[in-house]
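Descriptive structure summary
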Amino acid sequence: MEDPETVDREFNDEEEDQDEDWGDWGADDNEEEESDPDFLCLFCDSKYSSCDALFEHCSSIHHFDFLSIRETLSLDFYGSFKLINFVRSRVAENRCWSCGLVCQSNQDLQTHLHETANFEEIKLHLDDDKYLNPFMQEDPLLYSFSQDEEGEDDDATALEKEEIMRDLREFGEICIDDGDIIDALASDFDTLNEDRREGASASNGYYGMENISEKEIGSCIGAKEHVGSFKRKPKDKHLRVSFANVVSKEIKNVNENYFGAYSSFGIHREMISDKVRMDAYRQAILNNPSLMKGATVLDVGCGTGILSLFAAQAGASRVIAVEASEKMASVATQVAKDNGLLCSASPNAGNNHYTGVIKVVQGMVEELDKSIESHSIDVLLSEWMGYCLLYESMLSSVLFARDHWLKPGGAILPDTATIFVAGFGRGGTSIPFWENVYGFNMSCVGKELVEDAAQTPIVDIVDSHDIVTDAAVLQTFDLVTMKPEEMDFTASIRLQPKLDHPADTNASMDLEQKPTWCHGVVLWFETGFTSRFCRETSTILSTSPFTPKTHWSQTILTFREPIAMAAGKPNAKKSGGVGSDACPASSVHLRISIIRAAQHRSIDISLETTGIACDGRKHSWPVQIFNLS
């Protein structure tokens, strides 16, 4: 056993050594600080050597008092971090950060700048965690603005600065859905789901959504304090430094859970049993020899590997099947092996030698940079579509693969996608079912369900006989040329009542046409394997109510109240609100926005509805927000 005095002496020596080490660290840091870059003004090209000087300038010249705003909004470290990125992003658009007014030039913007008018609106913007991504790379202001209030942390080390910026850059790179990484993380935390607001507000074509607070994030990663507390001990600062790394790891867990869900054979049986789906892909692959013969094919999200098997059968010289689910990658490998189509890693493997062309790669396609030679793929193949086309879809992964590995002029199957909209009648709701349940009236249940459906989209089959308007194209995507940000869009369409609907059969004979009641709209999609690449046999995969049903069904958005529609002229003796029985609408104008939601792999749908009468009168209903998750 050691002598206690000796232990104490050694312990004191270690403390002195540590003090010397910290002193050296501080000295090194002082040297680094001398070479720190200038701080660029948030609004103009002026540069300053300190945060104090910069914020003084912003306050006196640009009416932006950073310290006062931060105090008023009770912003923690990350809230302040977001504020800086939010302001920089607005200024880059020549948009007033406070009121949102868009100016003609930066000079006009600087003239327009004024004191903050609406702090609540600013707070809503700062709830969006996309502002955790640095708007300006290597922005020294982002890791320096809080130093003056941290007391003993004034001498922040250059090492910490580099770590923070590196982590945040990695944070941005890992983001799959355009900056919504924190919300994606939150979607996997059951403890937060009860507290999150399920709505969003539409304004000027984009959404400002209520996201989880930094405190909630902190509780999820095990932090005992508010994540962004300014007054920290040195060891607490490391929580802040490592925050982005923690988020990155958690996002990987979220993706593992997501892809793990596709390990269920029941899901794959449902998809393989979908004859419409399988026939479209099989025809496109097997009936176009000029496309597939000798081609190098990349199958993104191969699942069981069925499309890769088709490609090998069609004569592809090499098929790379990518699957993120570890279990399904193993299954796809075994299936290819059992069918003699697995490519052998070793040509001299004796009895284990396989002469096939399929190679299964386990992992997310975004992680395969070094596994596949750049721009070496002839045909990019994927079944990426989800409900309403974009829900849970892998379109962003397909576009990533296109940009990294597809040869110039290479083929994408499918190469087009289109979303359609039409109005549906009473039969498309649950009302008729509940009106007569073994002779009993349970319509109260149907009414309640319809009220719920006005807030939550329903994925179900709609009978073509229940479609009461003409169909309209909402949005078309060209997968060869589209950009990832085009997945979020706003489109306006006009729906008119169908003249051949049963309620309109004798319309031409009636002096006054009976109205058709439109209870909402139904969305479906088609993907095209067009003659651009499928020269011998082009085909279309349709999920329309007018074609055989698929496992995608249709997506139903129910109005809060039905709208009366009629193609004929209204009775001049009658008057009433547009869309009522007394004054049916001759058409309904819809403005629909679909964006990737805060919750990972979900979508938000905004529906703005306006009825227009024959005499030009209009009536608009309050906007409806649907979350498909």
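Read on for an overview of the structure. Computed from a prediction, not measured in an experiment: that's the story for all the values here.

What counts, and at which threshold
- Numbers given to residues run from 1 along each chain, matching the order in which its sequence is written.
- The model is predicted, so local features are restricted to residues of pLDDT at least 70 and side-chain atom pairs to those at 80 or more, both for listing and for counting; the totals for chains, interfaces and linings are taken over all residues.
- Excluding hydrogens and water, the side-chain figures rest on all heavy atoms present in the structure.
- We count a stretch as a helix when DSSP gives it H or I for four or more residues in a row; a strand needs E for two or more, and each element gets its number in order from the N terminus.
- Exposed residues in this analysis have more than 50% of their type's maximum accessible area, buried residues have under 20%, and partly exposed residues fall in between, with area computed by a 1.4 Å probe over protein chains only.
- Patch membership is restricted to residues that have no salt bridge and whose relative accessible area is over 30%. Joining uses 9 Å for like charges and 5 Å for the nonpolar side chains Val, Leu, Ile, Met, Phe, Trp and Tyr.
- Surface accessibility in these figures is a Shrake-Rupley result with a 1.4 Å probe; residues are shielded only by whichever protein chains are displayed.
- A pair is scored as a salt bridge if a Lys or Arg side-chain nitrogen falls within 4 Å of a carboxyl oxygen belonging to Asp or Glu.
- Here, any two strands with at least 2 DSSP bridges between them count as paired.
- Only the stretch in contact is used when a helix axis is fitted, and all axes are lines through C-alpha atoms; the angle between N-to-C directions ranges over 0 to 180 degrees.
- Contact between two residues is taken to exist if any of their heavy atoms lie within 4.5 Å; hydrogens are not considered.
- Should an angle fall under 35 degrees it is taken as roughly parallel, and over 145 as roughly antiparallel, whereas 65 to 115 is taken as roughly perpendicular and any remaining angle as oblique.
- Classification convention: Asp, Glu, Lys, Arg as charged; Ala, Val, Leu, Ile, Met, Phe, Trp, Tyr, Cys, Pro as nonpolar; all other residues, Gly among them, as polar.
- Ring pairs shown here join Phe, Tyr and Trp side chains whose ring centres sit within 6.5 Å, with only the six-membered ring taken for Trp; geometry is labelled stacked below 30 degrees between planes, edge-to-face above 60, and tilted in between.
- Put simply, buried Ala, Val, Leu, Ile, Met, Phe, Trp, Tyr and Cys residues joined by side-chain atoms within 4.5 Å make one nonpolar core.
- The domain limits used here are those given by an automatic or database domain assignment.

We now examine the overall build of the protein. Along the protein, the regular secondary structure elements total 20 helices and 19 strands. Across the 629 residues of the protein, 49% fall into the buried class.

What follows is about a nonpolar patch on the surface. Where nonpolar side chains cluster on the molecular surface, the patch consists of Y438, F440 and M442 and spans about 420 Å² of accessible area. Among the secondary structure elements, M442 is positioned in the loop between α19 (431-435) and α20 (443-453).

A separate point is the pattern of salt bridges. Within the structure shown, the criterion is met by 13 salt bridges. Across the pair K275 and D279 runs a salt bridge whose closest N-O atoms are separated by 2.6 Å. Residue K275 and its partner D279 are both found in helix α14 (residues 275-286); the two are separated by four residues, about one turn of the helix. With relative accessibility at 59%, the residue K275 sits in the exposed group. Classification of D279 as partly exposed rests on a relative accessible area of 28%. Notably, a salt bridge pairs R426 with E435, separated by 2.1 Å at the nearest N-O pair. It is possible to trace a salt-bridge network through shared partners that takes in D415, D478 and R532.

Turning to the pairing of strand β14 (residues 516-529), a few remarks are in order. The buried fraction of β14 amounts to twelve of the 14 residues, a majority that puts the element mostly inside the structure. Inspection of the sheet shows strand β10 (residues 416-424) paired to β14 by nine bridges, in the antiparallel sense. Across the sheet, residue I419 finds its bridge partner in β14, namely F525. Alignment of β14 against strand β16 (residues 554-565), held across seven bridges, turns out to be antiparallel. Residue pairing in the sheet places T516 in a bridge with M565 of β16. The sheet contact formed by β14 and strand β15 (residues 539-542) spans four bridges and is antiparallel. From the neighbouring strand, G528 faces β15, where its bridge partner is I540.

Pairing is antiparallel across the open sheet formed by four strands, whose spatial order is β13-β17-β18-β19. Each end of this open sheet is capped by a strand with a single partner; those strands are β13 (489-495) and β19 (618-628). Sheet twist, expressed as the mean angle between neighbouring strand axes with direction ignored, is 15°. Note: β13 against strand β17 (residues 587-596), seven bridges, orientation antiparallel.

Counted residue by residue, helix α18 (residues 395-405) has eight buried out of eleven residues, so it is predominantly covered. Buried residues of α18: L395, S396, S397, V398, L399, A401, R402 and W405, and no others. For α18, the elements touching its buried residues are β5 (296-300), β8 (377-382) and β9 (406-413).

Our next topic: the packing of helix α4 (residues 77-92) against helix α6 (residues 119-126). Here α4 crosses α6 at 100°, and the two axes come no closer than 10 Å. When the interaxial angle is binned, α4 and α6 end up roughly perpendicular. Residues G79, K82, L83, F86 and R90 of α4 form the contact with α6, whose own contacting residues are I122, H125 and L126. Split by residue class, the contact of α4 with α6 holds four nonpolar, two polar and two charged.

Ring pairs (aromatic) are described by centroid distance and by the angle formed between their planes. Taken as a whole and judged by the stated rule, the model has 15 aromatic pairs. An angle of 80° between the planes, with centres 5.0 Å apart, marks the rings of Y281 and F529 as edge-to-face. A residue pair is termed long-range when its members are at least 10 positions apart, and Y281 in helix α14 and F529 in strand β14 qualify at 248 residues. Of the two residues, Y281 and F529, both sit in the buried class. Put simply, the rings of F43, F55, F64, F66 and W97 touch in pairs and so form one group of aromatic residues.

As a further point, take the nonpolar core. Residues L298, L474, L590 and I594 are the most contacted members of the largest nonpolar core, which totals 94 residues. A domain-level breakdown of this core finds at least three residues from each of domain 2 (265-346 + 353-413) and domain 3 (416-500 + 513-628). In this view, L474 contacts I419, F420, V421, F489, A491, I493, L523, I592 and I594; residues no more than four positions away in its chain are not counted. The next biggest cluster of nonpolar side chains, apart from the first, holds 34 residues, and it includes I69, F86, C103 and L142.

Across the junction of L413 and P414, the peptide omega takes the value -5°, indicating a cis bond. Looking at the secondary structure, you find P414 in the loop between β9 and β10. Phi is positive for C388, which is not a glycine, with a value near 55°. Mapped onto the fold, C388 is located in the loop between β8 and α18. A residue is classified by how much of its surface remains accessible, and C388, at 4% relative accessible area, is buried. Phi is positive for L389, close to 70°, though the residue is something other than glycine.

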